[in-house]
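Notes for the structure review
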Amino acid sequence: MGDDGIGPALVNRLDLAGLPAGLRAVEVGSDISRLAQIWNGEPSIWLVDAVEAEQPPGTMVRLEHSQLVALPGGQSSSHELSVSDNLRWLLHGLPDLRTVEFTLWGVVPESVCHRPTLTVTADRAVEDLASEILRTFGKTRH
C-alpha cells in the first residue's frame with residue numbers, strides 16, 4: 001500500500017498509545033461503506049486517508065463535514081468510490097448517520113506504489129496526526 005496505508009498505520013499507533021475512554025480506532029480498509037456495520041451511535045467520526053492535494057508530501061489536510069460532503073464526485077481514488085461519494089451514499093441510505101459529523105484527516109502521500117511500509121515522510125505525518133488526536137482528547141504521547 002505504501003503511503004496509502006496511513007489509515008491502518010494510524011489505527012495501530014493509537015491502539016499502542018491507548019485511547020481515552022469513549023474513543024475507538026477502527027481500520028475499515030478502502031471501503032468506508034463498512035461504517036454502517038461498525039457504527040455504534042457516535043456523534044462524530046474522523047476518517048483518515050491519503051489524499052491528493054497541491055501540497056508537499058506529508059502535509060496534513062483537514063476537511064470538515066460540510067467540505068467533505070460538498071466535494072465533487074468521481075474524483076480519482078484508489079477506492080471504488082471516492083470518500084465523498086461513499087459518504088453521500090451512506091448518508092442517503094442510512095438516515096441515522098445523518099446526525100454524525102464527519103471529518104477527514106488526510107495526508108498527502110509521497111508514494112503509493114506497492115511497498116510494505118510507509119515512506120519516512122508519511123510515517124512522520126502519521127505520528128504527528130496520532131499526537132494531534134490524542135492531544136485533542138486530553139491525552140499526551142509518551
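This structure is a prediction, so every number in the text was calculated from the model and none was measured. (Residues numbered from 1 in each chain as written. Predicted model: local features only at pLDDT ≥ 70, side-chain atom pairs only at ≥ 80, totals over all residues. Heavy atoms only, no water.)

**A short note on the sheet that holds strand E3 (residues 101–107)**
Note: strands within a sheet are paired through backbone hydrogen bonds, in either parallel or antiparallel orientation. Pairing is mixed in the open sheet, where 3 strands are placed in the order E1-E3-E2. The open sheet has two edge strands with one neighbour each: strand E1 (44–50) and strand E2 (60–63). Strand-to-strand, the axes of this sheet are offset by a mean angle of 20°, without reference to chain direction. Bridge count for E2 against E3 is 4 bridges, and the pairing is antiparallel. When the bridges of E3 are listed, Met60 appears paired with Val107. (Pairing = 2+ DSSP bridges. Helix = DSSP H or I, 4+ residues; strand = E, 2+ residues; numbered from the N terminus. Axes fitted to C-alpha atoms, helices over the stretch in contact; angles between N-to-C directions.)

**Focus: helix H1 (residues 6–17)**
Under the 1.5 Å per step criterion, the end-to-end length of H1 is 16 Å for 12 residues, consistent within 8% with the ideal 16 Å. Every buried residue of H1 is accounted for by Ile6, Gly7, Ala9, Leu10, Val11, Arg13 and Leu14. On its buried face, H1 sits against E1, E3 and helix H5 (120–136). Positive backbone phi, approximately 85°, marks Gly18, located one or two places after H1. (Expected span 1.5 Å × (residues − 1). Buried < 20%, exposed > 50% of the residue type's maximum accessible area, 1.4 Å probe, protein only. Contact = heavy atoms within 4.5 Å.)

**Focus on the nonpolar core**
Core analysis: the biggest nonpolar cluster contains 18 residues, and Ile32, Leu35, Leu47, Leu68 and Phe102 have the highest contact counts within it. Within the residue set of this core, elements represented by two or more residues are E1, E2, helix H4 (83–93) and E3. Looking at this core, the element that brings in the most residues is H4, giving 4 residues. In this structure, Ile32 is in contact with Leu47, Val83, Asn86, Leu87 and Leu90, ignoring residues within four places of it in sequence. The next biggest cluster of nonpolar side chains, apart from the first, holds 14 residues, and it includes Ala9, Leu10, Trp105 and Leu129. (Core = buried A, V, L, I, M, F, W, Y, C linked by side-chain atoms within 4.5 Å.)

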